[in-house]
Amino acid sequence: GESVGLHLPTLSVQEGDNSIINCAYSNSASDYFIWYKQESGKGPQFIIDIRSNMDKRQGQRVTVLLNKTVKHLSLQIAATQPGDSAVYFCAENLHYGNNRLAFGKGNQVVVIP
Amino acid sequence: EPEVTQTPSHQVTQMGQEVILRCVPISNHLYFYWYRQILGQKVEFLVSFYNNEISEKSEIFDDQFSVERPDGSNFTLKIRSTKLEDSAMYFCASRGRENQPQHFGDGTRLSIL
């Protein structure tokens, strides 16, 4: 079953340091993965995506790593800034139907100036 | 940058009343979605819509829910007889082609009294 509640795993990071956020996904048939950032009162904002035929993809200050063997995703944020404070969700694109997204539970990142 | 817009930002409704949440997806997108997020929990899929029909729906999307694309720009979610447990943030999303990321609006906060 799923655990529910108000408490999210929280990562506190000093401004300028690197952040790593981890996510376990559930479906070995998923072939497309997305990281979203959600700030308070806003909708999920696309950060970076990766297809299952890749194990690493880099964007601007962000890198996503995919380990299909253990069904694990991570998001690395380089030189974390105060504007990076948010909740980060991984989402797997279930490759059936019209590609609904299944979201993970979220990780709160707090950047300390 | 084009974005998904949702109205209203906050809707307060008496239990048992009908409510319509409105979304304007990104203009050249073809796939449309509704998700909801109960306070403190993860984002949950409700329904996907393509080519003027529902392509997939979750177990949450029961007979009280319906979606419509009444014209070329709007995409609506109707809840026919609201219940207390319908209180949540409702997010609309849209995407272009296969395996492109879904882009989300900032949501409508629905409060049922």
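Residues numbered from 1 in each chain as written. Chains lettered and ligands numbered in written order. Predicted model: local features only at pLDDT ≥ 70, side-chain atom pairs only at ≥ 80, totals over all residues. Heavy atoms only, no water.

Engineer: Kindly report on the overall build of chain B, identifying the contributing residues and their values.
Structural biologist: Broken down by element type, chain B carries 0 helices and 11 strands. Traced from its N-terminal end to its C-terminal end, chain B shows the element sequence β-β-β-β-β-β-β-β-β-β-β. C-alpha extents for chain B along the principal axes are approximately 40 × 25 × 25 Å. Every one of the 113 residues in chain B was classed for burial, and the buried ones make up 46%. Restricting the contact set of chain B to residue pairs at least 6 apart, pairs at least 24 apart contribute 54%. With an accessible surface of roughly 5600 Å², chain B has 45% of that area assigned to carbon and sulfur atoms. (Helix = DSSP H or I, 4+ residues; strand = E, 2+ residues; numbered from the N terminus. Buried < 20%, exposed > 50% of the residue type's maximum accessible area, 1.4 Å probe, protein only. Contact = heavy atoms within 4.5 Å. Areas by Shrake-Rupley, 256 points an atom, 1.4 Å probe, with all protein chains shown as cover.)

Engineer: Please provide a residue-by-residue account of the side chain of B:Thr13, values included.
Structural biologist: All names here are of chain B. Looking at where Thr13 falls in the secondary structure, it is placed in strand E2 (residues 10–13). Residue classification places Thr13 among the buried positions, given a relative accessible area of 8%. Setting aside anything within four residues of it in sequence, one finds Thr13 in contact with Glu18, Val19, Thr82, Leu110, Ser111, Ile112 and Leu113.

Engineer: An account of the interface of chain A and chain B is needed here, citing residue identities and associated values.
Structural biologist: At the junction of the two partners, chain A supplies 27 residues and chain B supplies 27 residues. Together, the buried faces of chain A and chain B total about 2200 Å²; carbon and sulfur atoms form 48% of this surface. Summed over the shared surface of chain A and chain B, the result is 2 salt bridges. Note that B:Glu56 and A:Arg100 form a salt bridge whose closest N and O atoms lie 2.9 Å from each other. Linking chain A with chain B are 5 residue pairs in polar contact (both at pLDDT 80 or more), by the criterion used here. Where the side of chain A that touches chain B is concerned, the elements lending two or more residues are strand E3 (32–38), strand E4 (45–51) and strand E9 (101–103) of chain A. When residues of the side of chain A that touches chain B are assigned to their parent elements, the largest contribution, 4 residues, is made by E3(A). (Buried area = accessible area lost by both parts, 1.4 Å probe. Salt bridge = Lys/Arg side-chain N within 4 Å of Asp/Glu carboxyl O. Polar contact = N/O pair within 3.5 Å; in protein donor to acceptor, adjacent residues only side chain to side chain.)

Engineer: I'd like a description of the state of the cysteines, backed by residues and values.
Structural biologist: Cysteine pairs can be linked by a disulfide, which is a covalent bond between their two sulfur atoms. Residues and elements named next belong to chain A. Summed over the entire model, instances satisfying the criterion amount to 2 disulfides over all chains. Residue Cys23 pairs covalently with Cys90 via a disulfide, S to S 1.6 Å. Of this pair, Cys23 sits in strand E2 (residues 19–24) while Cys90 is found in strand E8 (residues 86–93), placing the two residues 67 residues apart along the sequence. In this structure Cys90 comes out as buried when scored by relative accessible area, which is 7%. (Disulfide = S-S within 2.5 Å.)

Engineer: Would you mind going over the sheet that holds strand E8 (residues 75–79) of chain B in detail, with residue names and values included?
Structural biologist: Residue and element names in this part refer to chain B. Strand order in the open sheet formed by 4 strands is E1-E3-E8-E7, and the pairing between neighbours is antiparallel. The strands lining the two open edges of the sheet, one partner per strand, are strand E1 (5–7) and strand E7 (65–68). Strand-to-strand twist across the sheet, computed as the mean angle between neighbouring axes with direction ignored, equals 20°. Note: E1 against strand E3 (residues 19–24), 3 bridges, orientation antiparallel. Paired with Thr5 across the two strands is Val24, which belongs to E3. (Pairing = 2+ DSSP bridges. Axes fitted to C-alpha atoms, helices over the stretch in contact; angles between N-to-C directions.)

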